[in-house]
Each structure stands twice: as C-alpha cells, then as structure tokens.
Amino acid sequence: MRRSPPSLRLRLSADNLVAASGGCWSVLGERRAGSLLSASYGTFAMPGMVLFGRRWAIASDDLVFPGFFELVVRVLWWIGILTLYLMHRGKLDCAGGALLSSYLIVLMILLAVVICTVSAIMCVSMRGTICNPGPRKSMSKLLYIRLALFFPEMVWASLGAAWVADGVQCDRTVVNGIIATVVVSWIIIAATVVSIIIVFDPLGGKMAPYSSAGPSHLDSHDSSQLLNGLKTAATSVWETRIKLLCCCIGKDDHTRVAFSSTAELFSTYFSVSQGDLVWSVSSEADLDAELENCHHYMQFAAAAYGWPLYIYRNPLTGLCRIGGDCCRSRTTDYDLVGGDQLNCHFGSILHTTGLQYRDFIHVSFHDKVYELPFLVALDHRKESVVVAVRGTMSLQDVLTDLSAESEVLDVECEVQDRLAHKGISQAARYVYRRLINDGILSQAFSIAPEYRLVIVGHSLGGGAAALLATMLRAAYPQVRCYAFSPPRGLWSKALHEYSQSFIVSLVLGKDVIPRLSVTNLEDLKRRILRVVAHCNKPKYKILLHGLWYELFGGNPNNFPTELDGGDQEVLTQPLLGEQSLLTRWSPAYSFSSDSPLDSSPKYPPLYPPGRIIHLQEEGASGRFGCCSAAHYSAKWSHEAEFSKILIGPKMLTDHMPDILMRALDSVVSDRAACVSCPAQGVSGVDVA
C-alpha cells in the first residue's frame, strides 16, 4: 500500500514488528514447519535448536515466556511444599511418616535444582537477537541438564504415589497435602511430555546426511527425487497434525479432502505478485447509494451468524431477548420456515433483521466442511429476495478456508480463466444446489415474483456469496451481491473484472482478510524475514513492546531495532554472526522472490470480488474505541490497494462484523448529515 501511514507500513525495519505483536510471532515461528525445505529454494531458516543430533521445531529464544511460566509454577509449588512441611512436620511421627518426610525433603531439594536450571534457561534465552543466537550457545547444555532432571522427578513422583497408596497412618491433612504434591508432579511431567511432542519435528533429522556437503554431489534426478520425497513427508506430517487437531470432526470424504488440501497448503507455504497500476474513478453519488445498500444488507450478513454474534453485540440484554427461543419447542410460526438446526438462532435473526417469521423462506444452520449455513428471506423494504451466507464460525469452516488450492469454477459465463479458491467454491456450490434443487428460490419468487435476488455474506460468507452470485447470474441476470470483508484470494483476475458490474465488496481499514491470499502470505513472509535479518532486539522484547503497543498505543518508531549503521544495501548480505542460518549448499545468499508458491499451478495469484469500497478511520478513537466516537471516510478503491498485507494493531479487529457494522453506522450517518458538503465529483485516484 502506497498510502498507508509510514509508522505502520511494513518496511525494512524491525520497528514494525512491535506493531505486529502476535503477527510477528506467528511468522517467526514459520521455521517450525518449513526449515526442512527452505534450503531447496535459496532462502534461509531461523535458528532452530539442534538436540540429540536433530533440529527441533523451537528456537533458543523461544523459551523466555515458557520458562517464566514454569518458574512461577515451580516457585509457588516449592513454597507450598515448604509451608506444608514446616506446619505439619510434627504430625509425621506416625507409621510411614518417615517416608513421607523424606519424600517432602528430597522433593524440595529437587525442585530447588529445577528452579535454578529453569532460571538459567530463561536468562540465556533472553540473550542475543532473533538471528544472532551466538550468546545463547550454552542453551543446549542447559536443556540436557533440564531433561536429565525429569528422570529423578518421575522416579520420585512414582515413589510418592506408591507410599501414599500403601495407606500411611498419618494426619489426614498431611496425607492430602502429599497426595496433592504427587498429583501436581505428574501433571507437570505430563505437560512437559506434551510440550516435547509438540516441538518434535519428525523431519528434523532427515537433512543430516546432506547438511555439510549439500546436494551438489547429486545429479538433477537424485536432487529432484530427494526434494519430492521431502515435500511428501512434510505434507504427511502436516496432515497428521491437522487430523489430531480436528479429531472431533467427522471423517467424511469432504473432510478428508479438506485435510489434504490444508496440509499441502501449510507444507508448501512453510517451506522454505504484483498488482497493475490502474486508476480508480467512481462517482460520489454511486458511492452514497452503495453505502446505503451495504448498511442495509450488512444486517442480514450479521444475522447469518445466529445467536453467538447477537449475544456478543448485546452482552447485557441479548440473552434476555432471545433466551425464550432456546427453551420453547417449535411453534406454528416456526413451521412456516423451512430449515434445520435452528435452536436459539431464530430469535437472534428476527431481532437483527427486524423481519417477521413469515418473511423467512429457509434458515439452515447445517455446518460441515464445504457446507455453510445460510438463510433466505423476503426483504420488503428493498423488494428483494436475500440470501445470506454465514462466515467462519467453526472448525469445519476453518478447513473450508484453508482448502486454498485453485479449481476451475463451473459457471455459465464468457470468462475463459475461471480459477477460484477450491474450498469457497465447493461451499458456494453446496448452497447453489440447496437453493435450486430443493426449490428454495422457486418458492421465494413464487411469493414475490417482482423482487430481485440479492446475495450477501461476511468473510468466508462474503467470498461464497460472490461465487454463488456468479453461479446464479445466468438464471437471475439482475442478481446483486454485497460481500463484506471477503478474502482477497478468491478467484482469477478475469472473474474479478467480470464481477465489477454486479458485486460490491466492503473493506474496513487494515482488515487482513481482504488482503489475504497465498501469494500475499508469501510476500509477507519474505518482507518479515528481511526485517528479522536486521533486528537487533531479543524476541521477548519485541513481543513485550508489541503487547504494550497493542494495549496502550504509542509510536513504534520509539523502539529502535535497526542494526547500528545498517542500511538497505546490506540486506542482501549473509546474516551476521550465524552462518548456520544460511543454506549451506546455496551458492549465494539472497532474498530471491522465487518460491514454490510463485510458480505453483495450485496457488496462482487470486483476486477479490467486484468493486471495492474502502472505509478508513479518520483520526484516532482510542486504543479500545471507548474514548471517543470514531469517524470514517469512504472511497472506491482498486484491488491493487489490497495487494499487500498491512501489519497493525487493528488488522484483526477491523474484520469483526460488529466493528464493521459500527463503522457503517458512522459513515452513513455522517454522509447523510453532510448535506452542505460540496460535491467532489470523483473519489480521487489511488495507485498501489
């Protein structure tokens, strides 16, 4: 973005990592899945630790906050055991009491040693910078010591459990206290085992045979086989992780396909585009009309989320208003409406839209992978049949989002290049089949044949709404679509241009989703790696500064993080003080733009739907939006303005539907009140 404020623009300065806060952390963690393949593409990986002869999915500077948490737990535990021993040692003069006394004393000594070791690990982890782990070279030895201490911990916890189980005849308070210490011991041991499993990289040892010599001694065929084998292995690992994470989801065909697509996306992105300069001119009168339409139809897009969003928007009164609908059985009014799994949703839908039972044709909250909830209603105010598709609300929806490879959209239109996001395309096809095959649209237009069709949705629902409108346009030429905060990576450039005449997208501020695509993520990855290469702050300081900036605001430029005397020219040089970060077999170090995503036919550059209205906040409304009312400006924008992901504290909150609704309320009321404002003719020219 050329027009973003300099303080929040992601340039070659680590200052902006402060503004990124958690976003920076997540990108820094990308090595955890892709350090294995990064060498094959001429990039570099962050310094993952090497323990037991293999690289692990954690860096030596990642242990500050986990170490602090464990330290607090251990110290509180040690104080509790000491208090128990001092207060009740006189009651240990009983059968088996000597064993329990010995157990507590040895446990306190063992805990003291662990506390000292964890303190040392935390202090060493705070040294150096992200790309200069030299000051942390003693970390591996400390971790070996820490891991060795788990064996006496496990042995002592087992002995304590055995002694307590023998039925010691001592004071019940003492016995209960010791039982609690045994339980806590096993909980911490179990948590440690889980942590080790999480940071264990099954592929961490596969590059060892080539780490020094590289593949230069292999012919091109062997190198290709090696690379393909590593890609397959990485995809398999990611698929296993996703299946474990989503173990509560069913195992139907769509779910298995979504698992595979998501795993391939992650393994490709974590391995190791340019917009055209186009003028954007639209009339101010057209902008006012479309803003009013967006303000009206956003109510339907919000209603599709059901009761969770309604309660979130009305925390004090929402439950009281719709609580009765959750308890009562279906009434005759409900029978007027087709659909399934309504539960508590119908009451919130009525309150959000202001419609009556009889105005709804179909309401479905059936939710599976590639199958989105939606509602169909008669909007008498705008004389339209409204189809509203729900956005992301469940783990199934997330899998639909992450099925990001491209497929050809089966639609009747003159466009040749019809590539679209696979997951969203499948979801739109599901709604299309329900609307047509189940006769839902036919029923609606039999009641109101003169009405026009309007399709709306927010986020994932906005992308599905755009695709659905395109699918239905052959049968309903007057169809209109309003996509609120839709994903950028939706469909081809040709379909983007084709949709200009019947789709309007609305984007708020620095919302990350309308800028989110696989190619944009790859671009962000490269930019942040360039920043990280010249960041002279420890990771924990960056995160603390980011947290402070997120909570209390301020200027990120107050936290200098550029290497002394550094300039942009040295960004092409190897990282300072850490040759192990470089690709050992790469002939030259570079931030090459070549990547598996740039050329992959599965992930071509994709674009947002329709014409785009961009709402931007004017001035500051306070960090939490409670100090003063925010005011917004609106303008037509070209898709190229959303060709890069912007890092900032509102990149996530600007996507929330309640924030978008408040922004629409503000901008529509402000523009309606500004009756004396001079006409501006055109919205101006923006180049990205």
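Residues numbered from 1 in each chain as written. Predicted model: local features only at pLDDT ≥ 70, side-chain atom pairs only at ≥ 80, totals over all residues. Heavy atoms only, no water.

This part covers the overall build of the chain. What the chain contains, in helices and strands, is 24 helices and 13 strands. Buried residues in the chain amount to 53% of all 688 residues. For the chain, the exposed area adds up to about 30100 Å²; of that, 60% sits on carbon and sulfur atoms. (Helix = DSSP H or I, 4+ residues; strand = E, 2+ residues; numbered from the N terminus. Buried < 20%, exposed > 50% of the residue type's maximum accessible area, 1.4 Å probe, protein only. Areas by Shrake-Rupley, 256 points an atom, 1.4 Å probe, with all protein chains shown as cover.)

Turning our eyes to something else, we now look at the confidence of the model for the chain. Of the residues in the chain, 71% reach a pLDDT of 70 or more, and the chain-wide mean stands at 76. A low-confidence stretch, residues 1–45 (pLDDT under 50), is modelled with 148 contacts involving residues beyond four sequence positions or located in other chains. (pLDDT = per-residue confidence, 0-100. Contact = heavy atoms within 4.5 Å.)

Tracing the backbone shows Ser 101 in helix H5 (residues 97–125). With residues near it in sequence (within four places) discarded, Ser 101 still touches Tyr 85 and Leu 92.

Before going further, it helps to spend a moment on the pairing of strand E9 (residues 452–458). Among the 7 residues that make up E9, 6 are buried, leaving the element largely enclosed by the rest of the structure. Across 5 bridges, the pairing between E9 and strand E10 (residues 480–484) is parallel. From the neighbouring strand, His 458 faces E10, where its bridge partner is Phe 484. Taken together, E9, helix H19 (residues 460–472) and E10 form a β-α-β motif whose crossover is right-handed. (Pairing = 2+ DSSP bridges. Right-handed = clockwise from strand over helix to strand, strands pointing away.)

It is worth spelling out the packing of aromatic side chains at this point. Tallied over the full model, the rule gives 8 aromatic pairs. Residues Tyr 297 and Tyr 482 carry aromatic rings whose centres are separated by 5.4 Å and whose planes lie at 20° to one another, so their mutual orientation is stacked. Of the two residues, Tyr 297 sits in helix H11 (residues 284–303) while Tyr 482 sits in strand E10, which places them 185 residues apart along the sequence. Note on accessibility: Tyr 297 and Tyr 482 belong to one class, buried. Ring geometry for Phe 445 against Tyr 476: centres 5.2 Å apart, planes inclined by 25°, an arrangement best described as stacked. (Phe/Tyr/Trp six-rings, centres within 6.5 Å; stacked < 30°, edge-to-face > 60°.)

Another point: the state of the cysteines. Evaluation of the coordinates by the stated rule reveals 0 disulfides. No disulfide involves Cys 294; its nearest neighbouring cysteine sulfur is the one of Cys 481, lying 10.0 Å away. Since its relative accessible area comes to 1%, Cys 294 is described here as buried. (Disulfide = S-S within 2.5 Å.)

In the contact formed by H5 and helix H6 (residues 139–148), the axes pass within 10 Å of each other and the chain directions differ by 155°. Considering the angle they form, H5 stands roughly antiparallel to H6. In this structure, H5 crosses over H6, and the sense of that crossing is left-handed. Across the interface between the two elements, Val 114, Thr 117, Val 118, Ala 120, Ile 121, Val 124 and Ser 125 from H5 touch Met 139, Leu 142, Leu 143, Ile 145 and Arg 146 from H6. (Axes fitted to C-alpha atoms, helices over the stretch in contact; angles between N-to-C directions. Parallel < 35°, antiparallel > 145°, perpendicular 65-115°, else oblique. Left-handed = near helix turned anticlockwise from the far one by under 90°.)

Moving on to the pattern of salt bridges. The final tally for this structure, using the stated rule, is 25 salt bridges. For Glu 70, the salt bridge goes to Arg 146, with nearest N and O atoms at 2.7 Å. Of this pair, Glu 70 sits in helix H4 (residues 64–88) while Arg 146 sits in helix H6, placing them 76 residues apart in sequence. Given the relative accessible area of 5%, Arg 146 is considered buried. Among the ionic pairs, Glu 405 bridges to Lys 422, the shortest N-O distance being 3.9 Å. In this pair, Glu 405 sits in the loop between helix H16 (395–402) and strand E7 (406–408) while Lys 422 sits in helix H17 (residues 422–437), placing the two residues 17 residues apart along the sequence. The class for Glu 405 is buried, based on a relative accessible area of 14%. (Salt bridge = Lys/Arg side-chain N within 4 Å of Asp/Glu carboxyl O.)

Attention shifts here to helix H24 (residues 657–673). Counted at 1.5 Å a residue, the expected span for H24 with its 17 residues is 24 Å, and the 24 Å between its end C-alpha atoms agrees. Within H24, burial applies to Pro 657, Asp 658, Ile 659, Leu 660, Met 661, Ala 663, Leu 664, Ser 666, Val 667 and Val 668. (Expected span 1.5 Å × (residues − 1).)

To continue, consider the pairing of strand E11 (residues 503–508). Consecutive side chains of a regular strand alternate in pointing toward one face of the sheet and then the other. Of all 6 residues that make up E11, 6 are buried, and the element is covered over most of its length. Side chains Ile 503, Ser 505 and Val 507 project from E11 onto one buried face, and the interleaved Val 504, Leu 506 and Leu 508 project onto a second face that is buried too. Direction of pairing for E10 relative to E11: parallel, over a ladder of 4 bridges. Residue Cys 481 lies in a different strand from E11, and its bridge partner there is Ile 503. Both E11 and strand E12 (residues 611–618) contribute to a ladder of 5 bridges, which runs parallel. Pairing of Leu 506 across the sheet is with Ile 613, part of E12.

Residues spaced three or four apart along an α-helix face the same direction, because each turn holds 3.6 residues. The terminal C-alpha atoms of helix H21 (residues 518–533), which comprises 16 residues, lie 23 Å apart, in line with the 22 Å expected from a rise of 1.5 Å per residue. The element H21 is largely enclosed, with a buried count of 14 among its 16 residues.

Turning next to the UniProt feature "transmembrane region" (unreviewed entry) in the chain. Taking the numbering used here, the UniProt-annotated feature "transmembrane region" (unreviewed entry) corresponds to residues 34–52, 64–88, 100–122, 143–165 and 177–200. Taken end to end, residues 100–122 comprises 100% helix and 0% strand; its first and last C-alpha atoms sit 32 Å apart. Between the C-alpha atoms that bound residues 177–200 there is a distance of 35 Å. The span itself is 96% helix and 0% strand. (UniProt positions renumbered as here; feature names shortened; annotations may be inferred.)

Running from N to C, H5 and helix H8 (residues 172–199) cross one another at 45°; their axes reach a closest spacing of 11 Å. Between H5 and H8, the angle falls in the class oblique. The two elements H5 and H8 cross, and the hand of that crossing is left-handed. Where H5 abuts H8, its residues Leu 100, Tyr 103, Leu 104 and Leu 107 lie against Ile 178, Thr 181, Val 182 and Ser 185. The residue makeup of the contact of H5 with H8, split by class, is 6 nonpolar, 2 polar and no charged. (Nonpolar A, V, L, I, M, F, W, Y, C, P; charged D, E, K, R; others polar.)

Let us now look at unusual backbone geometry. Unusually for a residue other than glycine, Glu 383 sits at a positive phi of about 50°. With respect to the helices, strands and loops of the structure, Glu 383 is situated in the loop between strand E5 (374–379) and strand E6 (384–389). By relative accessible area, Glu 383 is classed as partly exposed at 48%.

Attention shifts here to the environment of Arg 527. Mapping Arg 527 onto the fold places it in helix H21. Side chain to side chain, Arg 527 and Asp 523 meet in a polar contact 2.9 Å long. (Polar contact = N/O pair within 3.5 Å; in protein donor to acceptor, adjacent residues only side chain to side chain.)

Along the polypeptide, Ser 140 turns up in helix H6. Here Ser 140 falls in the partly exposed class, since its relative accessible area comes to 23%. Separated by 80 residues in sequence, Ser 140 and Ser 60 have C-alpha atoms that sit 8.3 Å apart. Not counting chain neighbours up to four residues away, the residues in contact with Ser 140 comprise Val 50 and Leu 51.

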